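# Observations on chain architecture
Now for the letters of each chain:
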Amino acid sequence: MRITLEIWRQENPADPGRFETFAVDDVSAESSFLELLDQLNIRLEREGRRPVAFDHDCREGICGACGVMIQGTAHGPRARITACQLHLREFADGDTVRVEPWRAAAMPVLRDLIVDRTALDRIVQAGGYVSVNTGGAPDANSIPVQKEHSDLAFDAATCIGCAACVAQCPNGAAQLFVAAKVGHLAMLPQGQPERYRRVVAMVDQMEAEGFGSCSNHRECEAVCPKGIGVEWIARLNRDYLVAKVGGLARGR
Amino acid sequence: MTGLDARVPPGALEHKWREYRDDLKLVAPNNRRKFRILVVGSGLAGASCAASLGELGYQVDCFCYQDSARRAHSIAAQGGINAAKNYRNDGDSVFRLFYDTIKGGDFRSREANVYRLAEISLAIIDQAVAQGVPFAREYGGLLDNRSFGGAQVSRTFYARGQTGQQLLLGAYQALSRQIAAGTVRMHPRTEMLDLVVEEGRAVGILTRDLVSGAIQRHAGSAVVIATGGYSNVYFLSTNAKGCNVTSIWRAHRRGAFLANPSFTQIHPTCIPQSGEMQSKLTLMSESLRNDGRIWVPLRVGEERSAAEIPEAERDYYLERRYPAFGNLVPRDVASRNAKHVVDEGRGVGRLRNGVFLDFAVAIGNLGRARIEAKYGNLFEMYASITGENPYETPMRIYPAPHYTMGGLWVDYDLQSNLPGLFVLGEANFSDHGANRLGASALMQGLADGYFVAPYTIANFLSSHLGEGTSTESQAFHDVESDVRARIDRLLAVQGGRTVDELHRELGRVVWDECGMSRKRAGLESAIARVRDLRDEFWGDLKVVGTGEELNQSLERAGRVADFLELAELMCIDALDREESCGGHFREEYQTAEGEALRDDERYSHVSVWDMSEPGTWRLHREPLLFENVTPSTRSYR
Amino acid sequence: MKRPASLWRSAIVQKAAMAVSGLVLFGFVLGHMAGNLKAFQGPEKLNAYAEWLREIGAPAVPHGGVLWVARATLLLAVAVHVAAAIQLTLVNKKARPRGYKRLQPVQLDYASRTMRWSGILILAYVVYHLMHLTWGNVHPDFRPGDVYANLVTGLGQWPVAAAYIVANLLLGLHLYHGLWSVFQSLGLDHPVYRGARKPFAVVFAVVVTVGFLAVPVGVLAGWLEPVPRDVGAPRAELAGGIQP
Ligand SMILES: Cc1cc2nc3c(=O)[nH]c(=O)nc-3n(C[C@H](O)[C@H](O)[C@H](O)COP(=O)(O)OP(=O)(O)OC[C@H]3O[C@@H](n4cnc5c(N)ncnc54)[C@H](O)[C@@H]3O)c2cc1C
Ligand code: HEM
Ligand code: HEM
Ligand code: SF4
Ligand code: F3S
Ligand code: FES
């Protein structure tokens, strides 16, 4: 089949950038979307032109490296998958597909489709952990956890940090990502001692990074490849308000 | 056999590690700050090591090529992690885990290391749970276990099909905490391009900033390589696209020994290749073999669809050949048998390159709901990749390169022959012999990083107190010129072939001749072919752009250049080992029934390759002494 | 006073303030709507009700006291609500300086996308509405104290009634998203009632909208008869109303 790609090209963060259009012929419907980009890149290289830069690694939907706006939707038209899991069978022969990088002030474009997502790492650094040092942990089974809580914690913990939620949110908010991380630990007994300190630190960092605020548009959950729902945002808000308004975050 | 003392401490197997630890020298808290340690890699091994060293108060620099430490390839591990907790009361013990691992590795690993691994496995689970890793639990609130990869006890801890992800996030969180505390400096999107060795000791590394292209020098009192495996030498593998051998290979070229490079694991349950442009293969968790039945049509060239083939005309070849273990035989055996039936022309699918993994009986017995609860996400993944519905038609699977048991040689301290260079995780060769058991790589990575390296590195550093580090030495200068020259060379070729094309071709050669089964003639021709490809690479490569920018083609070119050298050594190693063991199957050495024929007389050793003379390899052998177990023939019939 | 200031700096707190003020406003419109329905019981009931509002708490509280407290609360709520809306809008604009060529939303609904505009229009409407029925500046025949008459003559002009209808539909839209959103913003979520949050919002948005619409529609349809001139005694203090 033949797919026409309208792709965002940008040399560096300072470059204003522009769309370029390429038609790629002879693509197999079995190919994945990233393989389509591979195919385009091989051609560009042969022609001595700069290939399109895009982030990717595992190509099976778990590392969270890949992610672009495909037809204006984060990770493309199909729900609950990452861009690398999108296959060309989702498109028709002759389709024109627009590909854009994630756009948010807190995640500047580095080149073409690659953005800088280190802001998400800094949010985790602000408090997204349980402060235990290596060694000295009690026997694993000495901390029983209600199965329902453990399963819920797992649901939140499956976040792959892809930032599709930020990209799709009309406000450029990172609420779902932060809610997932905060929620994972808040759901477990291990996370309780630092629960309120953690939520305040992470949210404050999130806001300091320049992400937008949440207006409950629910677009994030619609594109989250791991199906993390906005109920986690409600839990995040609750914990934050309890901590902040309730003054539980002593010393912060 | 120069420099090949594994330095295994004396004493009874069960007490070695504890007694040794008691004797290791320490570094006082106020002195730790004075040491800078470079940890290359942020996977389970690297992240756990960097975090633990940071907690102790060392100054750590940690590097990864991804944009975040959390994306290291460990994230992709699905099935689980072993630990001899015996929570199930099914007779598991440290000794049994040790024995299973040694036996699974076909008696080609070092007893003392494996025992220590089994011992430490207990603490890993404790540590992970304390960090908040959401392992699967039972209604009573305690941890659930499953049997994995044919083990006869249930010792595998898991977090649905995302165990690696959850463990890595645990380690990443610990790492993040240290970054916030200022003990660890993280360098994402930074690739190690060379090792700096001064007077035989590792003193630093050279990196390239993958965004700006800047070449940077880093000096440290110790260097830790935890950069994972090199299955991508095959081009198509289950590894992430960026996985590479560069840091291992650069260290090897600077004098670090490389052990058993040809020991690679081909995983039996992957989705078969579907097209020419395919860029990677996807693993389907091994746990599927617990309920799925593997078969191919009896007839060569069968045209009917699976549903139309009557029971009598199906060959459940694993159940037929291995009545005791059936579909749960170890990976190497399952893979080889799949290759065998496909080579006979009985493969299934459009390209006739797979075998069926059929859940019809399981769905019939347990009901669709139970199967969905157990494997729902895997079935979904399969459907999204292949466009087929595995609830209705059997899955198609085929083996794919997955793990490399070979790696940099290390002693009991996980230190290479170059003092100051420590190697952890999949990057070293240490614990899995000729075949790795399922759910034991995660265990090893974390054991190395959390619980071994922090002790042995301290022991090493304790005798280097007060020695400064500097990036201004002649050695750094020389290595930097080498690194720059190499990049310039890659950019200067300006030929006609892209990196991916050449890599694909290399992959095909290695897969055909140094994959699931190997033979002398094939290996010899592969060596010649690899050399030709290398010439072609350096004569006809095309990389667009410069080194002073984000240039993904350049990154790949550098990695493929190293794979092209590694491939040759893999073939040489495979050729040298005239026996079949674990994943290394030499067609000349098999039993009448077609099973691997080990030769303990001649090959009960680690093959350790030394390239300190550039361009030639010298072979050292580290003999493997079995004092606590008796090498037996693995039999799964 | 460092604490409240630092509190206000957080977007989550601002959003919570928005939710609380939104709830106050919702409480008001709900009551207001119910009160308006007294019009269907005739001029006496409506006018008596209007008078009663001013008498609550008497004699402990001076005449109109409670009403003034309520007005002050409303004014504060509007101030907080609008201030937060402006702040958050600015934050959100800054968070994505360069937009997409075209964002293709998946489940974004019209109501949530237009909160800002429906809000502004409602505010504009309220100002007009006060000038119309409270202060009478823009009323063709305003009679202080005769709420019923003002209503019926005021809304008897169809363009005015149409404006009322449009504004109240916008209010419905605003509440349709807002009343669900309140739960999220205040962290009120539990599997037990999660499924009931959206229906709650729908029901109350519809109740408020339909209830309000009943009056202008009723006037246009002639269900609310114009009344003789002598009904309802004019009261001087009402002429004051809320001063801008
Ligand atoms: C699909 C799949 C499923 C698996 N499932 C299981 C399982 O269920 N159980 C199990 O026990 N094992 C499993 N394994 C194996 C296991 O995941 C790996 O062996 C293990 O995670 C390796 O960890 P590591 O820390 O050594 O390396 P990795 O996790 O690969 O980390 C390597 C790190 O090094 C960095 N790096 C690499 N090269 C460079 C360079 N040149 N410069 C700078 N940094 C570099 C990377 O950025 C990364 O941070 C699986 C493997 C695969 C592929
Ligand atoms: C005066 C003009 C008004 C403006 C400018 C306005 C604006 C807004 C905006 C922009 C939001 C969404 C904010 C966000 O999601 O980030 C919102 C939410 C809301 N508004 Fe208004 N609004 C106004 C009046 C009203 C009135 C009169 C009511 C009640 C009858 C009301 C009730 C609500 C409610 C309940 C919410 C939901 C709060 C939340 O999401 O938590 N608003 N408003
Ligand atoms: C069709 C619908 C409406 C009708 C018929 C109506 C009618 C009236 C009337 C008759 C009054 C004067 C009451 C009195 O003086 O005692 C009044 C006051 C008022 N109305 Fe409405 N109203 C409607 C909708 C609304 C809406 C949607 C809002 C707000 C969003 C609103 C806000 C107010 C306010 C703030 C006052 C002044 C209250 C006071 O005296 O302090 N009204 N309305
Ligand atoms: S919450 Fe979902 S969309 Fe957001 S980063 Fe995590 S996985 Fe991606
Ligand atoms: S889309 Fe954005 S507005 Fe909130 S609910 Fe999701 S973060
Ligand atoms: S490449 Fe890893 S999630 Fe897509």
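Since the structure is predicted, the reported quantities are computational estimates derived from the model, not experimental observations.

## Some thoughts on the coordination of the iron atom of ligand 2
All names here are of chain C. Note on the iron atom of ligand 2: its protein donors are H81 (NE2) and H174 (NE2). The metal-donor distances range over 2.0 Å. What the six donor atoms of the iron atom of ligand 2 show is an angle range of 87 to 179 degrees at the metal, which sorts the shape as octahedral. Of this pair, H81 sits in helix α4 (residues 65-95) while H174 is found in helix α8 (residues 158-185), placing the two residues 93 residues apart along the sequence. Judged by its relative accessible area of 17%, H81 is buried. Exposure remark for H174: the relative accessible area of 15% places this residue in the buried category.

## Topic: the site of ligand 5
Close to ligand 5 lie 13 residues; C169, C214, S215, R218 and C220 of chain A are nearest. When its residues are assigned to classes, the shell around ligand 5 shows six nonpolar, five polar and two charged.

## So, the pairing of strand β15 (residues 395-404) of chain B
Residues and elements named next belong to chain B. Among the ten residues in β15, ten count as buried, and that is most of the element. Examined bridge by bridge, strand β11 (residues 264-270) and β15 share five bridges and lie antiparallel to one another. Residue Q265 lies in a different strand from β15, and its bridge partner there is Y403. Taken together, the three bridges between strand β14 (residues 355-358) and β15 define a ladder with antiparallel strand orientation. The residue of β15 that forms the bridge with L357 is M395.

## Comments concerning the interface of chain A and chain B
On the chain B side, the residues contacting the 73 residues of chain A number 73 residues. When chain A packs against chain B, close to 6300 Å² is buried across both sides, 50% of that on carbon and sulfur atoms. Broken down residue by residue, the surface that chain A buries against chain B is led by D57, T134 and F154 of chain A, which jointly contribute 11%. Taken together, the connections running from chain A to chain B amount to seven salt bridges. Salt-bridge contacts for K85 of chain B lead to D139 of chain A; the nearest nitrogen and oxygen are separated by 3.0 Å. Looking at the side of chain A that touches chain B, the elements with two or more residues in it are α1 (33-46), β6 (109-111), β7 (114-115), α2 (118-125), α3 (147-157) and α5 (175-186) of chain A. With eight residues, α3 of chain A is the largest single contributor of residues to the side of chain A that touches chain B.

## Describing the arrangement of the chains
A comparison of contact numbers over the two pairs of chains in contact places chains A and B at the top. The two units chain B and chain C never meet; even their closest C-alpha atoms stay 19 Å apart.

## Things to note about the site of ligand 4
All residues in the neighbourhood of ligand 4 are listed as C159, I160, G161, C162, A163, A164, C165, L176, F177, C224 and P225 of chain A. Tallied by class, residues from the shell around ligand 4 come to ten nonpolar, one polar and no charged.

## Regarding the coordination of the iron atom of ligand 3
Residue and element names in this part refer to chain C. Donor atoms from the polypeptide that bind the iron atom of ligand 3 are H32 (NE2) and H129 (NE2), placed at 1.9 to 2.0 Å. Metal-centred angles of 87 to 179 degrees between the six donor atoms at the iron atom of ligand 3 mark the site as octahedral. You can see H32 sitting in helix α2 (residues 11-36) and its partner H129 sitting in helix α6 (residues 115-134), a full 97 residues away along the chain. Among the residues examined, H32 registers a relative accessible area of 25% and is labelled partly exposed.

## Looking at the confidence of the model for chain C
When pLDDT is averaged along chain C, the result is 90, and 91% of the positions lie at 70 or above. Of the two predicted TM-score estimates for the complex, the pTM is 0.96 and the ipTM is 0.95.

## Here's the deal with unusual backbone geometry
Residues and elements named next belong to chain B. In this structure, N89 is a non-glycine residue whose phi angle is positive, near 60 degrees. When you line up the elements, N89 lands in the loop between β3 (81-82) and α4 (94-104). Given the relative accessible area of 68%, N89 is considered exposed. At N260, a position not held by glycine, the phi torsion is positive, near 45 degrees. With respect to the element layout, N260 can be found in the loop between β10 (258-259) and β11. In this structure N260 comes out as buried when scored by relative accessible area, which is 1%.

## Description of the sheet that holds strand β4 (residues 73-74) of chain A
Residue and element names in this part refer to chain A. Spatially, β2-β1-β5-β3-β4 is the arrangement adopted by the five strands of the open sheet, whose pairing is mixed. The open sheet is flanked by β2 (18-24) and β4, the only strands paired with a single partner. Across seven bridges, the pairing between strand β1 (residues 3-9) and β2 is antiparallel. Within β2, the position partnered with I7 by the bridge is E20.

## Some thoughts on the interface of chain C and chain A
On the chain A side, the residues contacting the 39 residues of chain C number 52 residues. Carbon and sulfur atoms supply 50% of the area that chain C and chain A bury against each other, a total of about 3600 Å² over both sides. Counting the surface chain C buries against chain A, the share from its top three residues, I12, Y100 and Q107 of chain C, is 18%. The interface formed by chain C and chain A includes one salt bridge. Summed over the shared surface of chain C and chain A, the number is 32 residue pairs in polar contact (both at pLDDT 80 or more). Every element with two or more residues in the side of chain C that touches chain A is listed here: α1 (2-9), α2, α4, α5 (110-113) and α8 of chain C. Partitioned by chemical class, the residues of the side of chain C that touches chain A number 16 nonpolar, twelve polar and eleven charged.

## Concerning helix α14 (residues 499-513) of chain B
Note on helix geometry: an α-helix contains 3.6 residues per turn, so any two residues three or four positions apart are oriented the same way. Between the first and last C-alpha of α14 of chain B there are 21 Å, a value that for 15 residues agrees with the 21 Å anticipated at 1.5 Å per step. Counting buried positions along α14 of chain B gives eleven out of 15 residues, so the element sits mostly inside the fold. Taken together, the buried positions of α14 of chain B are V499, D500, E501, L502, H503, R504, E505, L506, G507, V509 and V510 of chain B. Tucked inside the fold, the buried residues of α14 of chain B contact α1 of chain A together with α15 (520-540) and α16 (552-576) of chain B.

## Describing the nonpolar core
Core analysis: the largest hydrophobic core is formed by 261 residues, its most contacted members being F211 of chain A together with I81, F135, L421, I457 and F537 of chain B. With 14 residues, α16 of chain B is the largest single contributor of residues to this core. When sequence neighbours within four positions are dropped, the list of residues in contact with F537 of chain B reads L490, V493, L502, A557, V560, A561 and L564 of chain B.

## Brief notes about the environment of E627 of chain B
Residue and element names in this part refer to chain B. Structurally, E627 can be placed in the segment after β19 (618-623). Assessed through its relative accessible area of 63%, E627 is described here as exposed. Along the primary structure E627 and D600 are separated by 27 residues, whereas in three dimensions their C-alpha atoms are 14 Å apart.

## What about the packing of α4 of chain B against helix α5 (residues 111-131) of chain B?
Residue and element names in this part refer to chain B. Orientation of α4 relative to α5, taken along the N-to-C sense of each, is 135 degrees, at an axis distance of 8 Å. On the basis of the axis angle, α4 is oblique to α5. Considering the relative orientation of α4 and α5, their crossing is right-handed. Of α5, the residues touching α4 (which contributes V94, F95, L97, F98, T101 and I102) are E111, V114, Y115, A118, E119, S121 and L122. When the residues that make up the contact of α4 with α5 are grouped by side-chain class, the tally is nine nonpolar, two polar and two charged.

## Overview of the packing of aromatic side chains
Inspection of every chain in the model, using the stated rule, returns 28 aromatic pairs over all chains. An angle of 55 degrees between the planes, with centres 5.9 Å apart, marks the rings of F359 of chain B and Y375 of chain B as tilted. Note that F359 of chain B is positioned in the loop between β14 and α10 (360-366) and Y375 of chain B in helix α11 (residues 368-386), a separation of 16 residues in sequence. Look at F183 of chain C and F200 of chain C: their rings are 5.5 Å apart centre to centre, the planes differ by 85 degrees, and that puts the pair in the edge-to-face class. Of this pair, F183 of chain C sits in helix α8 while F200 of chain C sits in helix α9 (residues 191-221), placing them 17 residues apart in sequence. We classify F200 of chain C as partly exposed; its relative accessible area is 31%.

What counts and what doesn't
- Residues numbered from 1 in each chain as written.
- Chains lettered and ligands numbered in written order.
- Predicted model: local features only at pLDDT ≥ 70, side-chain atom pairs only at ≥ 80, totals over all residues.
- Heavy atoms only, no water.
- Donors = N, O, S within 2.8 Å, 3.2 Å for Na, K, Ca; no water.
- Tetrahedral: all angles 85-135°; square planar, octahedral: opposite > 155°, others 65-115°.
- Helix = DSSP H or I, 4+ residues; strand = E, 2+ residues; numbered from the N terminus.
- Buried < 20%, exposed > 50% of the residue type's maximum accessible area, 1.4 Å probe, protein only.
- Near = heavy atom within 4 Å.
- Nonpolar A, V, L, I, M, F, W, Y, C, P; charged D, E, K, R; others polar.
- Pairing = 2+ DSSP bridges.
- Contact = heavy atoms within 4.5 Å.
- Buried area = accessible area lost by both parts, 1.4 Å probe.
- Salt bridge = Lys/Arg side-chain N within 4 Å of Asp/Glu carboxyl O.
- pLDDT = per-residue confidence, 0-100.
- Polar contact = N/O pair within 3.5 Å; in protein donor to acceptor, adjacent residues only side chain to side chain.
- Expected span 1.5 Å × (residues − 1).
- Core = buried A, V, L, I, M, F, W, Y, C linked by side-chain atoms within 4.5 Å.
- Axes fitted to C-alpha atoms, helices over the stretch in contact; angles between N-to-C directions.
- Parallel < 35°, antiparallel > 145°, perpendicular 65-115°, else oblique.
- Left-handed = near helix turned anticlockwise from the far one by under 90°.
- Phe/Tyr/Trp six-rings, centres within 6.5 Å; stacked < 30°, edge-to-face > 60°.

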